[in-house]
Amino acid sequence: MSHDGVGTRSVMRSVAVLGASALAVSLLAGCSDPDPAGKPLAGQDIAPAARDLVADGGTLRWAVDAVPETLNTFQSDADATTTRIAQATLPSMFRLDESGRPERNPDFLESAKIVETEPRQVVLYKLNQAAVWSDGREIGAADFAAQWRALSGKDSAYWTARNAGYDRIEKIERGKGDLEIRVTFGRPYADWRSLFSPLYPKDVMGTPDSFNDGARRKLKISAGPFAVKKIDRKADEVRLTRNPRWWGERAKLQEIVLRAVPRDERAAELAAGQLDLAEIDPGAARRIALASPPRSATASAAGSPVGSASPLMGPDRRKLTPKQRRDVAAFRGFEVRKSLEPAYTQLALNGADGPLADERVRRAVARALDREELAKLVLAPLGLPAQPVGSHLALSGQAAYADNSGAIGDQDTEEAQALLADAGWVQGGPIKEGKKGEKAAGPEGKKAGKGDEGEKADGADKADKAVKADKDSDSSGGDDGTYIVGQDNKADGGEGREGREGAHLAQDGKQYGTKQLEQGGAPGAYAPRGTAAPAGAAARPLAKDGKPLLLRFVVPSGEGSQTLRTVADRIGLMLERVGIRTAISKVSDESYFKDHIASGQYDLALYSWPASAYPATDARPIYAKPVPAADGSLNVEQNYTRVGTDQVDQLFDQAIATLDESESRALIRKADSRIWAAAGSIPLYQRPQLTAARKSLANAGAFGFRTPVYEDMGFLEKGAKASASASSGG
């Protein structure tokens, strides 16, 4: 979904080869592999334990980013905590397995299958006969029908944020008995398993008033192992308690308290004994790992002693500073559980106008990137599998995954330069002296948003001056502002060599571009600070029509976003090798997405999308071709790169209407190859997931793809030990 500038070949014959032959090779390679989806790169790390080893009772204190504004996941202000509460308290017909694929949830569903395809698709649900709401009423057809009507999009009085799939339903009716529900679709829908998860009671979905307000601050009726007991906004916490009417395995925990704790305060809260479980940044992870090395490290294949250095632990534990020894004492009861999040970080290119409107330039950017090196920089220091992501629409292990990056090709400096030359960009070409405030070669008419920090003059104007002079840029005096990559020693993230020594972990606490509505959120992109410049000398700057090729790379300026800036610097250096200059423009975290990404005020940017088990549904608005709206504006949906094609739209439409699962997956993979070829966005790496957990806590931690099983979480019986859980999937 993010955009990435990449250029085409230097001659038209070469362009045709890349556009057709490389794409065909990619597709044929996918067809020859019996299962191109592969396996997840990393598995769960949750300290698994059998239920008989987990004590009955206790309270789990779990850090979250915020107390949610609503408990209704179908509203626009729903967030990751909304999703977490729904998973613990509401029915879901399907949940995700360890590979990120939907599986039937037996607590609610005995079976669900397509029983008719002509003249209409009909899905028959058979519910678990024990499934009841917390008020004692059976879960049934009335609940399904109420949710369909609320989310169908036919009644604007319902303030819904999405209706994908529900708008294709024609009718819902009882089957042969109360436990059977027949759902008839007016149009075929391949992703039917995405529906009714979560399922709300008809009391919430039945009327616009109850939908809009009934589940915002309370959830009177539930049907999960837990129920919402209290939302305390003064204390910034949500308290969940055992549901006495739960028919499944009884929850081991008596309560779960979701506490809103800022990420930069979580290490202190853990050390003070105020939390049991928290997603953390890599800096905090390293501090905790010194006190308790990861279980995988204590029994490494190489037989390394516990005290020795490791990617996550950092320096030899036998040579600790006084501060590190204090951390060892403070975090002795905790450990770091790590996996990969079901989300990836990408480079986005704004193809609306300017140089990146030319596909050849976008393809050149892509060919300049060493994605494997970027993945290693981010993940190897954390001891996680470091492989670049090969798909926009799924991650390794998911059913629709295939590595289609061959449609654009690997890093190739000569190829990138040929593409740029074919687009008319000449090395060392003449540059006209522009008028004051005139832009270099970025998109026309773009202005910095009001959230930009440290920019006393137009960023492109300053960048233009920097291209012409071998001296410090106007913004070199502070951390914020605009600077040219490769000048002012800015490409090391603003730190000297001394500041980088031992910086095994760095973090970015923000996540930009996530679909919190459909799926849970995830913390940010991570990368080690101050990475070295790529090998090879920089090419002479390129020019065309008297203007230099200079792209504005917008990054957030907050303290927690240092690694996004580091990654941006590294990408800028890679682009410099082929003659593309980048002006790094730092803007406030608050304005980054709203005022720059969503509004199109950028050339290059880094942000993330979560992976979906239903890409035909969830990914279409991200890659849909922008269309003119009635008022003359451009309707981009979630396609913030503004790059799309009719062919990709048609492939999505075909995939969503194809009930043969194998054929639907093939269409999704073909769409992904076309997205790669258009070079609108470049997936980089799957993001790390680091969780601090009390050592005695079982069945919780870094969940990876799998939906958490809340009723199995708890604290180990005295003397019991959890099983080892691998952090890499074979």
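For the structure, see preceding data.
Okay, so let's go over this structure. (Residues numbered from 1 in each chain as written. Predicted model: local features only at pLDDT ≥ 70, side-chain atom pairs only at ≥ 80, totals over all residues. Heavy atoms only, no water.)

### Section: the overall build of the protein chain
Within the protein chain, the regular secondary structure consists of 20 helices and 24 strands. Considering only contacts within the protein chain whose residues lie at least 6 apart along the sequence, 75% involve residues at least 24 apart. Accessible surface, the protein chain as shown: approximately 28300 Å² in total, 48% of it carbon and sulfur. (Helix = DSSP H or I, 4+ residues; strand = E, 2+ residues; numbered from the N terminus. Contact = heavy atoms within 4.5 Å. Areas by Shrake-Rupley, 256 points an atom, 1.4 Å probe, with all protein chains shown as cover.)

### Let's talk about the pairing of strand β5 (residues 121-127)
Among the 7 residues in β5, 6 count as buried, and that is most of the element. Pairing analysis gives 6 bridges linking strand β4 (residues 109-116) to β5, with the strands arranged antiparallel. The residue bridging Ala-112 from the neighbouring strand is Tyr-125, located in β5. Hairpin connection from β4 to β5: 4 residues lie between these consecutive antiparallel strands. Pairing analysis gives 6 bridges linking β5 to strand β7 (residues 180-185), with the strands arranged antiparallel. Across the sheet, the residue bridging to Leu-124 is Arg-182, located in β7. (Buried < 20%, exposed > 50% of the residue type's maximum accessible area, 1.4 Å probe, protein only. Pairing = 2+ DSSP bridges.)

### Looking at the packing of aromatic side chains
Counting across every chain of the model gives 19 aromatic pairs. Each ring, one from Phe-144 and one from Phe-196, has its centre 4.5 Å from the other, and the planes form 40°; the classification is tilted. Pair noted here: Phe-144 is in helix α3 (residues 141-151) and Phe-196 is in the loop between β7 and α4 (202-205), with a separation of 52 residues, a long-range link. An identical accessibility class is assigned to Phe-144 and Phe-196; each is buried. A network of ring pairs unites the aromatic residues Phe-74, Phe-94, Tyr-125, Phe-144, Tyr-166, Trp-192, Phe-196 and Tyr-200 as a single cluster. (Phe/Tyr/Trp six-rings, centres within 6.5 Å; stacked < 30°, edge-to-face > 60°.)

### Things to note about the pairing of strand β22 (residues 681-694)
Within β22, 13 of the 14 residues are buried, which leaves it mostly tucked inside the rest of the structure. Where strand β11 (residues 277-279) and β22 come together, 3 bridges link them in antiparallel fashion. The residue of β22 that forms the bridge with Ala-278 is Ala-692. For strand β12 (residues 334-349) and β22, the ladder comprises 12 bridges, and the chain directions are antiparallel. When the bridges of β22 are listed, Leu-340 appears paired with Pro-688.

### Brief notes about the sheet that holds strand β6 (residues 169-174)
The sheet built from 4 strands is open, its strands ordered β4-β5-β7-β6 with antiparallel pairing. Sheet topology places β4 and β6 at the edges, where each strand pairs with a single neighbour. When strand polarity is set aside, the average angle formed by the axes of neighbouring strands in this sheet is 20°. The strands that α3 touches are β5, β6 and β7; relative to β6, the one it contacts most, it runs at about 165°. (Axes fitted to C-alpha atoms, helices over the stretch in contact; angles between N-to-C directions.)

### Considerations on the sheet that holds strand β13 (residues 426-427)
Across the sheet, 3 strands lie side by side as β13-β15-β16; this open sheet has antiparallel pairing. Edge strands, defined here as strands with exactly one partner in the open sheet, are β13 and β16 (547-548). Inspection of the sheet shows strand β15 (residues 542-544) paired to β16 by 2 bridges, in the antiparallel sense. Note on β16: the bridge partner recorded for Lys-544 is Lys-547.

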